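Listed below, chain by chain, are the residues.
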Amino acid sequence: MAKIMTEEHGKYGIDCTNAIWSSEDIHRLYHAGGISFLCDADFVLETEQHILLIEYKNANTREALLHVETEKQYNPFEEKKFWTLIRKFYDSIPYLYLKGKLLKPIRYICVLEYPKGDSVSRKMLRNKMKKKLPFSLQDEIGKEISLIYSVDVMNIQEWNEDTYFGQFPIKAIPE
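A few points on the structure. Numbers given to residues run from 1 along each chain, matching the order in which its sequence is written. With the structure being a predicted model, the display of local features is reserved for residues of pLDDT at least 70 and the display and counting of side-chain atom pairs for 80 or more, all residues being used for whole-chain, interface and lining totals. With hydrogens and water stripped out, all remaining heavy atoms of the structure feed into the side-chain values.

**Considerations on the nonpolar core**
Then, number 1: Residue types Ala, Val, Leu, Ile, Met, Phe, Trp, Tyr and Cys, when buried and joined through side-chain atoms within 4.5 Å, form a set referred to as a nonpolar core. Throughout this description, buried means an accessible area under 20% of the type-specific maximum (1.4 Å probe, protein chains only), exposed means over 50%, and partly exposed covers the range between. Grouped together as the largest cluster of nonpolar side chains are 29 residues, with contacts concentrated most on Val44, Leu85, Phe89, Tyr108, Leu112, Met129 and Leu133.
Then, number 2: Each helix corresponds to a stretch of at least 4 residues labelled H or I by DSSP, and each strand to a stretch of at least 2 residues labelled E; elements are numbered beginning at the N terminus. Going through the elements one at a time, helix 1 (26–32), strand 5 (51–58), helix 3 (79–98), strand 6 (106–113), helix 4 (119–130) and strand 7 (148–154) are the ones with two or more residues in this core.
Then, number 3: It is helix 3 that provides the largest number of residues to this core, a total of seven residues.
Then, number 4: Contacts are assigned to residue pairs with any non-hydrogen atoms lying within 4.5 Å of each other. With sequence-adjacent residues up to four places away left out, Tyr108 is seen in contact with Leu53, Glu55, Leu85, Lys88, Phe89, Met129, Leu133, Ile148, Ser150, Val151 and Asp152.
Then, number 5: With 18 residues, the next largest nonpolar core counts Leu45, Ile109, Ile156 and Trp159 among its residues.

**A short note on the environment of Ser119**
Then, number 1: Mapped onto the secondary structure, Ser119 falls in helix 4.
Then, number 2: Each C-alpha atom, one on Ser119 and one on Pro105, is 25 Å from the other, the two residues being 14 residues apart in sequence.

**Side note on the packing of helix 3 against helix 4**
Then, number 1: Lines fitted to the C-alpha atoms define the axes, with helices restricted to the stretch that makes contact. Angles between their N-to-C directions range from 0 to 180 degrees. In contact at an axis separation of 11 Å, helix 3 and helix 4 are set at 60 degrees when each is read in the N-to-C sense. On the basis of the axis angle, helix 3 is oblique to helix 4. Judged by the twist between their axes, the crossing of helix 3 over helix 4 is right-handed. In contact with Phe82, Leu85 and Ile86 of helix 3, helix 4 contributes Leu125, Lys128 and Met129. Throughout this description, any angle smaller than 35 degrees is read as roughly parallel, any larger than 145 degrees as roughly antiparallel, any in the 65 to 115 degree range as roughly perpendicular, and the remainder as oblique. Crossing chirality is assigned from the near helix's rotation relative to the far helix, an anticlockwise turn below a right angle marking it left-handed and a clockwise turn marking it right-handed.

**Details of unusual backbone geometry**
A negative phi angle characterises most non-glycine residues, just as the trans form characterises most peptide bonds.
Then, number 1: Phi at Lys116 takes a positive value of approximately 65 degrees, unusual for a residue other than glycine.
Then, number 2: Structurally, Lys116 is set in the loop between strand 6 and helix 4.

**Structural notes on the side chain of Lys104**
Then, number 1: Of note, Lys104 is situated in the loop between helix 3 and strand 6.
Then, number 2: Contacts described as polar in this section are N or O atom pairs within 3.5 Å, which, within protein, must combine one atom able to donate a hydrogen with one able to accept it, while residues neighboring in sequence count only if both atoms come from side chains. Here Glu46 takes part through its side chain, which lies 2.9 Å from a polar atom of the side chain of Lys104.
Then, number 3: In this structure the side chain of Lys104 is engaged in a polar contact, spanning 2.7 Å, whose partner is the backbone oxygen of Thr47.

**Notes on the pattern of salt bridges**
Then, number 1: We define a salt bridge as a contact between a side-chain nitrogen of Lys or Arg and a carboxyl oxygen of Asp or Glu at a distance within 4 Å. Enumeration according to the criterion identifies seven salt bridges in this entry.
Then, number 2: Here Glu46 and Lys104 are joined by a salt bridge, their closest N and O atoms 2.9 Å apart. On the criterion of sequence distance, the pair formed by Glu46 in strand 4 (residues 43–46) and Lys104 in the loop between helix 3 and strand 6 is long-range, its members being 58 residues apart.
Then, number 3: It is possible to trace a salt-bridge network through shared partners that takes in Glu46, Lys101 and Lys104.

**Some remarks on the environment of Glu161**
Then, number 1: Within the element layout of this structure, Glu161 appears in helix 6 (residues 156–161).
Then, number 2: Judged by relative accessible area, Glu161 falls into the exposed class, the value being 59%.
Then, number 3: Taking the C-alpha atoms as reference points, Glu161 and Ile141, separated by 20 residues in sequence, lie 35 Å from one another.

**Focus on empty space enclosed by the protein**
Then, number 1: Think of a 1 Å grid over just the protein atoms. A cavity is a set of points where a 1.4 Å probe fits yet cannot get out, a pocket is an open set with protein on both sides within 12 Å along at least five of seven lines, and lining residues have an atom within 4 Å of a point. Grid points are joined across faces, edges and corners, and a volume is the space filled by probe spheres set on the points. With the rule as written, the count across this model stands at one cavity of 30 Å³ or more.
Then, number 2: The volume enclosed by the largest cavity comes to roughly 50 Å³.
Then, number 3: Taken together, Met5, Glu7, Tyr12, Gly13, Ile14, Phe43, Ile54, Tyr56 and Ile170 make up the full set of residues lining the largest cavity.
Then, number 4: Of all elements in the fold, only strand 2 (12–15) and strand 5 reach the threshold of two or more residues within the lining of the largest cavity.
Then, number 5: Broken down by element, the lining of the largest cavity gets its largest block of residues, three residues, from strand 2.
Then, number 6: Asp, Glu, Lys and Arg are counted as charged, while Ala, Val, Leu, Ile, Met, Phe, Trp, Tyr, Cys and Pro are counted as nonpolar; the rest, among them Gly, fall into the polar class. Its residues assigned to classes, the lining of the largest cavity shows seven nonpolar, one polar and one charged.

Following this line, the structure appears as structure tokens:
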């Protein structure tokens, strides 16, 4: 039986059938636990080798584009948006720790769809994020343990076409 986790607007879902374990409950549990000030990633999947911590943002949906009429277009390089992406990694660690899911290295993936987003801007964003995530700290003190394995920024098509991530396809939910 397929397990589809849906993003907050119910427009897209990720098929977690092939995952060892998966969850979309961080946000709900943080609120229930009185720590809603933490910024959590949207999905977590466990594979044989890794924990996939996934942040999903689609600013190209009809609803998001209508929202642009009153607000600015989503830009992940904007200071507040960028730091929110970084916080989502760090703030998801307590959940992973309490679930016993820090025994495998984490691959942090931001699946982003946004106006003017292209492969070059996504690579630039990934490189900028890499400088703020704990890679250098891990290299300095965590030789025996790997907290973060990689960071990736991709769109839905790149995710689905990737040989590793594509085993958990992201698709539009029929209305």
